[in-house]
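Structure assessment
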Amino acid sequence: LLVLFALLLAIPQAADAKKKKDIAIQLYSVRDIINNGTDLNVVLKNLAQMGYTSIEAANYDNGKFYGKTPEEFKNAVEKAGMKVLSSHCSRGLSDKEVASGDFSESLKWWDQSIAAHKAAGMKYIVNPGIGVPKTMKEMKMYCDYFNTVGYKTAAASIAFGYHNHAFEFRKIEDQLIYDFLLDNVSPNHVFFEMDVYWVQEGGGDPVAYLKNRPSQFKAVHIKDEKEIGASGKMNFKPIFDQMYANNIKDWYVEVEQYTQNDPVASVQQSYDYLNKADSVSYTHLRAHE
């Protein structure tokens, strides 16, 4: 009986030992590996072996992802043992469209894009950024444009979002670009994917934005100067605490610069840091839909 009792006690401990955290990756983090001709299937398999569980794509072009059809791309990610979650995809407005106020030509482009993202099983399409606007008129037009794209993606059961850089924390005509965007898009049709590093670099407070506008942030990029946790600039614990308070489940590692020009080591180091960090919970796992 004592032996049986000891075995029963060991079961939860064994299960805990096999648990891993739900950590997604933005594939831009391994762009150098993909761009040098390495087979995407190999890249995806290696990321899954590191421990990553889901991906956000960054290479949509003319109906394909990394040269694969949407179905092929989805199958490749799932065969590697991960899930397709999101994609960075954009179509900027031309000078002509900004001048005329008519962005109908760009909207036509989105029809194919949305169909491809739906076929790939994407939950989100995220605009990775825009050129630095020059006037408030241009800013307002982008808000209207994003709202219209968001209506179109919603019809396909995909949420449309915007990803920031640092320039959004500049002012145009005495208005902070980021706040103007937050205030002038439809919250029901455009969400924000916060890049916490760029918010901080721009002079903003990522925790304050998450706390003050909880309904507008659905996803987060966990980023540092290079590898996650290596610079000492970023205090990730309060960010994760506020993310959990907001019930944000979808977040991604993004590595833009590599130590010693080694993206493999950089994304592995970033995963290991987050997997060991007490601030990253096992229990607040992503609910895939």
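Scroll up to find the structure this text is about.
Below is a summary of the structure that appears in this document. (Residues numbered from 1 in each chain as written. Predicted model: local features only at pLDDT ≥ 70, side-chain atom pairs only at ≥ 80, totals over all residues. Heavy atoms only, no water.)

1. Focus on the packing of aromatic side chains
As a reminder, the rule being used: We call Phe, Tyr and Trp rings a pair once their centres come within 6.5 Å, taking the six-membered ring for Trp, and we label the pair stacked below 30 degrees between planes, edge-to-face above 60, and tilted otherwise. The helix count covers DSSP runs of H or I at least four residues long, the strand count covers runs of E at least two residues long, and both are numbered beginning at the N terminus. Relative accessibility thresholds used throughout: buried, under 20% of the residue-type maximum; exposed, over 50%; partly exposed, between the two (1.4 Å probe, protein chains only). Think of it as a cone above the ring: NZ of Lys or CZ of Arg counts as a charge over the ring if it is within 6 Å of the ring centre and within 35 degrees of the ring normal.
For the structure shown, the criterion picks out 24 aromatic pairs. Where Trp-109 meets Trp-110, the ring centres are 5.0 Å apart and the plane angle is 90°; that geometry is what we call edge-to-face. Residues Phe-146 and Phe-160 carry aromatic rings whose centres are separated by 5.8 Å and whose planes lie at 55° to one another, so their mutual orientation is tilted. Of this pair, Phe-146 sits in helix α7 (residues 136–155) while Phe-160 sits in strand β7 (residues 159–163), placing them 14 residues apart in sequence. Classification of Phe-160 by relative accessible area gives buried; the value is 2%. Here the guanidinium or amino end of Arg-31 rests over the ring plane of Tyr-28, the centre of that ring lying 4.0 Å away.

2. Overview of the environment of Met-234
Considering the arrangement of structural elements, one finds Met-234 in the loop between β11 (217–222) and α11 (236–245). In this structure the C-alpha to C-alpha distance between Met-234 and Pro-187, which are 47 residues apart in sequence, comes to 28 Å.

3. Describing the pairing of β7
In plain terms, the rule: Two strands form a pair only when DSSP identifies at least two bridges running between them. With strands facing away from the observer, any crossover in which the path from the first strand over the helix to the second runs clockwise is taken as right-handed.
With five of its five residues buried, β7 lies for the most part within the structure. Both strand β6 (residues 124–127) and β7 contribute to a ladder of four bridges, which runs parallel. When the bridges of β7 are listed, Asn-127 appears paired with Tyr-162. After leaving β6, the chain enters α7 and then returns to the sheet as β7, a path that is right-handed. Bridge count for β7 against strand β10 (residues 191–195) is three bridges, and the pairing is parallel. The partner of His-163 across the bridge, within β10, is Glu-193.

4. Quick word on the nonpolar core
The tendency in soluble globular proteins is for nonpolar side chains to be buried as a group. Defined as follows: Working definition of a nonpolar core: buried Ala, Val, Leu, Ile, Met, Phe, Trp, Tyr and Cys residues. They are joined through side-chain atoms within 4.5 Å. Here, residues are in contact when the closest pair of their heavy atoms is within 4.5 Å.
In this structure, Leu-47, Tyr-52, Phe-73 and Ile-222 are the most contacted members of the largest nonpolar core, which totals 85 residues. When near neighbours in sequence (up to four residues on either side) are disregarded, Leu-47 contacts Ile-25, Leu-27, Val-30, Tyr-52, Met-82 and Val-267. By size, the runner-up hydrophobic cluster in this structure holds eight residues, among which are Tyr-124, Ala-159, Ala-219 and Tyr-252.

5. As for the sheet that holds strand β12 (residues 250–253)
To keep it simple, the criterion reads: In this analysis, axes come from line fits to C-alpha atoms, helices being fitted only over the stretch in contact, and the angle between any two N-to-C directions falls in the range 0 to 180 degrees.
On the basis of which strands lie adjacent, the closed barrel formed by eight strands has the order β1-β2-β5-β6-β7-β10-β11-β12 and parallel pairing. Within this sheet the neighbouring strands show an average axis-to-axis angle of 30°, counted without direction. Contacts from α11 reach β11 and β12, with the element oriented near 160° to β11.

6. Points about the pattern of salt bridges
Under the convention used in this document: Whenever Lys or Arg places a side-chain nitrogen within 4 Å of a carboxyl oxygen from Asp or Glu, that contact is recorded as a salt bridge.
Following the criterion strictly, the structure yields 13 salt bridges and no others. With its nearest N and O atoms 2.8 Å apart, the salt bridge here joins Lys-237 to Asp-241. With Lys-237 and Asp-241 both in helix α11 and four residues apart, this pair spans about one turn of that helix. Using a relative accessible area of 38% as the deciding quantity, one classes Asp-241 as partly exposed. Through salt bridges with shared partners, a single network forms among Asp-195, Lys-223, Glu-254 and Glu-256.

7. A word on helix α6 (residues 104–119)
Put simply, the rule reads: Residue count minus one, scaled by 1.5 Å, sets the expected span of a helix.
Compared with the 22 Å implied by 1.5 Å per residue over 16 residues, the 24 Å span of α6 between its first and last C-alpha is a close match. When α6 is considered as a whole, its buried residues turn out to be Ser-106, Leu-107, Trp-110, Ser-113, Ile-114, Ala-116 and His-117. Positive phi shows up at Gly-121, right after α6, with a value of about 80°.

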